[in-house]
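# Coordinates in review
Chain residues, written in single-letter form:
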Amino acid sequence: MTQPTKQALFTLIIWGIVTAAFIPIFFSRGGPSTYVQDKPRFVFVAILFGAGYLSYFIMMFLTRARGRTDKIVRDERDEHIQGQSSGVALILVLVYVFFLCITLYEIYRESGCVPVGWMWFLGYTTVFWGYISNSALGLVLHSRMVGRGKS
Amino acid sequence: MAKAEIRNRIRKLRFENNEMTQQELADRAACTRQTIVALEQGKYLPSLALAFRIAKVFGVLLEDVFEYEE
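Calculation rules
- Residues numbered from 1 in each chain as written.
- Chains lettered and ligands numbered in written order.
- Predicted model: local features only at pLDDT ≥ 70, side-chain atom pairs only at ≥ 80, totals over all residues.
- Helix = DSSP H or I, 4+ residues; strand = E, 2+ residues; numbered from the N terminus.
- Rg over C-alpha atoms; globule rule 2.2 N^0.38 Å.
- Buried ≥ 20, exposed ≤ 12 C-beta atoms within 10 Å, placed from the backbone.
- pLDDT = per-residue confidence, 0-100.
- Axes fitted to C-alpha atoms, helices over the stretch in contact; angles between N-to-C directions.
- Left-handed = near helix turned anticlockwise from the far one by under 90°.
- Contact = placed C-beta atoms within 7 Å.
- Nonpolar A, V, L, I, M, F, W, Y, C, P; charged D, E, K, R; others polar.
- Core = buried A, V, L, I, M, F, W, Y, C linked by C-beta atoms within 7 Å.
- Parallel < 35°, antiparallel > 145°, perpendicular 65-115°, else oblique.

Moving on: the overall build of chain A. Assigned secondary structure in chain A consists of 4 helices and 1 strand. Secondary structure of chain A in N-to-C order comes out as α-α-α-α-β. Taken over the C-alpha trace, chain A has a radius of gyration of 19 Å; the compact-globule value for 151 residues is 15 Å, which it surpasses by more than 25%. In terms of principal-axis extent, the alpha carbons of chain A reach across some 60 × 30 × 20 Å.

Within chain B, the secondary structure is distributed over 5 helices and 3 strands. Helices and strands in chain B line up, N terminus first, as β-α-α-α-β-α-α-β. Relative to the compact-globule value of 11 Å for 70 residues, chain B shows a C-alpha radius of gyration of 12 Å, a close match. Referenced to the eigenvectors of the C-alpha coordinate spread, the extents of chain B come out at roughly 40 × 20 × 20 Å. Within the span of chain B, comprising 70 residues, buried residues form 26% of the whole.

When pLDDT is averaged along chain B, the result is 89; 94% of the residues meet or exceed 70. Taken together, the chains of this predicted complex give a pTM of 0.82 and an interface ipTM of 0.80.

Residue and element names in this part refer to chain A. Running from N to C, helix 1 (residues 3–27) and helix 4 (residues 117–144) cross one another at 150°; their axes reach a closest spacing of 8 Å. Crossing of helix 1 over helix 4 shows left-handed handedness. Contacts between helix 1 and helix 4 involve Pro4, Thr5, Ala8, Leu9, Thr11, Leu12, Trp15, Gly16, Val18, Thr19, Phe22 and Phe26 from the former and Phe121, Tyr124, Phe128, Tyr131, Ile132, Ser135, Ala136, Gly138, Leu139 and His142 from the latter. When the residues that make up the contact of helix 1 with helix 4 are grouped by side-chain class, the tally is 15 nonpolar, 7 polar and no charged.

Okay, the nonpolar core next. Side chains that are nonpolar tend, in soluble globular proteins, to be buried together. Residues and elements named next belong to chain B. Ranked by size, the top nonpolar core spans 14 residues in total, and within it Ala29, Ile36 and Ile54 carry the most contacts. For this core, the element with the highest residue contribution is helix 4 (residues 48–58), accounting for 4 residues. What Ile54 contacts, discounting residues up to four positions off in sequence, is Ile10, Ala29 and Val65.

Residue and element names in this part refer to chain A. If you check the backbone angles, Arg29 has positive phi at about 50° while not being a glycine. Here Arg29 shows up in the loop between helix 1 and helix 2 (39–62). Look at Arg29 and you get exposed, because 11 C-beta atoms sit within 10 Å.

The geometry of a pair of packed helices is captured by two quantities: the angle between their axes and the separation between those axes. Residues and elements named next belong to chain A. Between helix 3 (residues 76–108) and helix 4, the shortest axis-to-axis distance is 8 Å and the interhelical angle comes to 150°. When the axes of helix 3 and helix 4 are compared, the pair comes out roughly antiparallel. With respect to the hand of their crossing, helix 3 and helix 4 are arranged in right-handed fashion. When grouped by side-chain class, the residues that make up the contact of helix 3 with helix 4 number 14 nonpolar, 10 polar and no charged.

Right, let's talk about helix 3 (residues 33–40) of chain B for a bit. Among all positions of helix 3 of chain B, only B:Gln34, B:Thr35, B:Ile36, B:Ala38 and B:Leu39 are buried. Each element contacted by the buried residues of helix 3 of chain B is listed here: helix 3 of chain A together with strand 1 (5–8), helix 1 (10–16), helix 2 (22–28) and strand 2 (44–45) of chain B. Directly beyond the C-terminal end of helix 3 of chain B, a positive phi value near 70° is found at B:Gly42.

Residue and element names in this part refer to chain B. Counting through the fold element by element, Ile10 comes out in helix 1. Overall, the presence of 23 C-beta atoms within 10 Å leaves Ile10 in the buried class. Here the alpha-carbon distance between Ile10 and Val65, two residues 55 residues apart in the chain, equals 6.3 Å. Setting aside its immediate chain neighbours within four residues, Ile10 contacts Ile36, Leu39, Glu40, Ile54 and Val65.

Before going further, it helps to spend a moment on the environment of A:Phe121. Residues and elements named next belong to chain A. Along the polypeptide, Phe121 turns up in helix 4. Looking at Phe121, the number of C-beta atoms within 10 Å reads 21, which means it is buried. Separated by 99 residues in the primary sequence, Phe121 and Phe22 have C-alpha atoms spaced 9.4 Å apart. Leave out the neighbours within four places in its chain, and Phe121 touches Phe26 and Pro32.

Structure follows, in structure tokens:
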């Protein structure tokens, strides 16, 4: 397993766990409408988010290139895959944000205001979805080995 | 426009060069072993620079490694 594949796999695991923990916590005890007032839940989610980033940075540090300096750990194919997965992930994130915003607009159009908790949900899940889609796409492309190097 | 395909003889050339390992070729051509695997399986088309480096490792011309077919 190459360094980029390892990093994509661990990124997927870390942010997958954080997302799996975030969703039930966020929607517990009244959900988005009481999220900001519910301090323990608000703080717990913030700690979870921080723990996710801390784990991510520790993983990136532990899987960095080291030891034999002449050994190639990342080459043009990895860069090609990373570029491709980042491009597609960006579109997926944009589509996600668009559809969530439109859905919230449709749901709350009559009342005229959206609970502020939804903005926190949008912020957190955009980050999670960005990491998850990028790493998952990277793993798929790595396993398929397809690509074309730039000359 | 006709579909073009680029084949390569990397596996054969490794065999002819004392069964050079994929890792050794990767190290000498400055790429990863996974890229050599992908190249041998015909799933990845290398950049010109990498193609030239691979040919240089085997001491042959580029067209002796890669073959263009229409």
